[in-house]
Amino acid sequence: MEIHCLYGVGIPTERSYVYKLSPSLGRCKTIPFRIDGSADGSTNGGCLKGGVYTVDGDQSVPVLSAGFMCAKGWSGRNRFNPSGVSTYVREYLHKAPTSVLEGRGMESGAHVDIMGNVGLIEDVLRVAAGASGIELGGDRIHSDVMKISERVKIRL
């Protein structure tokens, strides 16, 4: 048995927000905070624009959320993987469609569009047909998921 994590990367993805108090005037009196659209800058590997921090991901899920468990949480023998089942991270780097005829993109790494990614489909079919993670080529990592995961302090 093996664990495979297959997900897209290479698209700015919302990670967190900068809030400020809402003015007490207007119809949204019950909502005390709103996103601070004037906050801009870059810190900790993220990009802050219009009060929204973005990081690498698939446009919906940040890399850390998509890949942490395969990169660290299930890696090796620990309480989350007591049998030490092998884990493989396979990232699909987003490549926008080159023409209108390509539709959403045969190499898309976007959250839903990845279902049309030829590389992902090939990997899923090969695993379903019995190929091992080694036969797929092992890990294929384009992001900093391994480095980011090492900074997460959790008892394994």
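Just so it is clear, the model here is predicted, and its values are computed rather than measured.

Q: Please explain the overall build of the protein chain as it appears in this structure.
A: Across its full length, the protein chain carries four helices and eight strands. Helices (α) and strands (β) of the protein chain occur, in sequence order from the N terminus, as β-β-β-β-β-β-β-α-β-α-α-α. Over its C-alpha trace the protein chain gives a radius of gyration of 19 Å, far above what one expects of a compact globule, namely 15 Å for 156 residues. With the C-alpha coordinates aligned to their principal axes, the bounding extent of the protein chain is approximately 60 × 50 × 25 Å. Going through the 156 residues of the protein chain one by one, you find that 31% of them count as buried. A separation threshold of at least 6 residues defines the contact pool for the protein chain, and within that pool the share at least 24 residues apart is 62%.

Q: Sorry if this is basic, but what is going on with the state of the cysteines here?
A: When the sulfur atoms of two cysteines share a covalent bond, that bond is a disulfide. The full count for this structure, using the stated rule, is one disulfide. Between the sulfur of Cys5 and that of Cys70 lies a disulfide, 2.0 Å long from S to S. Looking down the S-S bond of the Cys5 and Cys70 bridge, the torsion is 80°, so its handedness is right-handed. Within this pair, whereas Cys5 is found in strand E1 (residues 2-9), its partner Cys70 is found in helix H1 (residues 63-73), the two being separated by 65 residues in sequence.

Q: Even after reading the chapter, I still don't get the nonpolar core, so can you show me in this structure?
A: Within soluble globular proteins, side chains that are nonpolar generally end up buried alongside one another. In this structure, Cys5, Tyr7, Val9, Val63, Cys70, Ala71, Val89 and Val145 together form the largest nonpolar core, which totals eight residues. Elements with a contribution of two residues or more to this core: E1 and H1. In contact with Tyr7, other than residues within four places in its own chain, are Ala66, Gly67, Val89, Arg90, Glu91, Tyr92, Ile114 and Val145.

Q: Would you explain H1 in this entry?
A: Because an α-helix packs 3.6 residues into every turn, residues spaced three or four apart end up facing the same way. Listed in full, the buried residues belonging to H1 are Val63, Gly67, Phe68, Cys70, Ala71, Lys72 and Gly73. In this fold, the buried residues of H1 make contact with E1, strand E7 (52-57), strand E8 (86-93) and helix H4 (145-150).

Q: Even after reading the chapter, I still don't get the pattern of salt bridges, so can you show me in this structure?
A: If you walk through the whole model with that rule in mind, you get six salt bridges. Its salt-bridge partner being Asp123, residue Arg90 comes within 3.1 Å of it at the nearest N-O pair. With Arg90 in strand E8 and Asp123 in helix H2 (residues 118-128), the pair connects residues that are 33 residues apart, well separated along the chain. The same class applies to Arg90 as to Asp123, namely buried. Taking the shortest distance from any N to any O, the salt bridge between Arg104 and Asp113 comes out at 3.3 Å.

What counts, and where the lines are drawn
Every chain's residues receive numbers from 1 upward, in the order its sequence appears when written. Confidence filtering applies because this is a predicted model: local features only for residues at pLDDT of at least 70, side-chain atom pairs given and counted only at 80 or more, and all residues used for totals across whole chains, interfaces and linings. Side-chain calculation: all heavy atoms of the structure are included, whereas hydrogens and water are not. Strands are runs of DSSP state E lasting at least 2 residues, helices are runs of H or I lasting at least 4, and numbering of each runs from the N terminus. In this treatment the radius of gyration is a C-alpha quantity, and the globule benchmark scales as 2.2 Å times the residue count to the 0.38 power. Each residue is placed in one exposure class: buried if its accessible area under a 1.4 Å probe, protein chains only, is under 20% of its type's maximum, exposed if it is over 50%, and partly exposed if it falls in between. Two residues form a contact once any of their heavy atoms are found within 4.5 Å. Two cysteine sulfurs form a disulfide in these notes if their separation is within 2.5 Å. Definition of nonpolar core: a set of buried residues of the types Ala, Val, Leu, Ile, Met, Phe, Trp, Tyr and Cys, connected through side-chain atoms within 4.5 Å. Each reported salt bridge corresponds to a side-chain nitrogen of Lys or Arg within 4 Å of a carboxyl oxygen of Asp or Glu.

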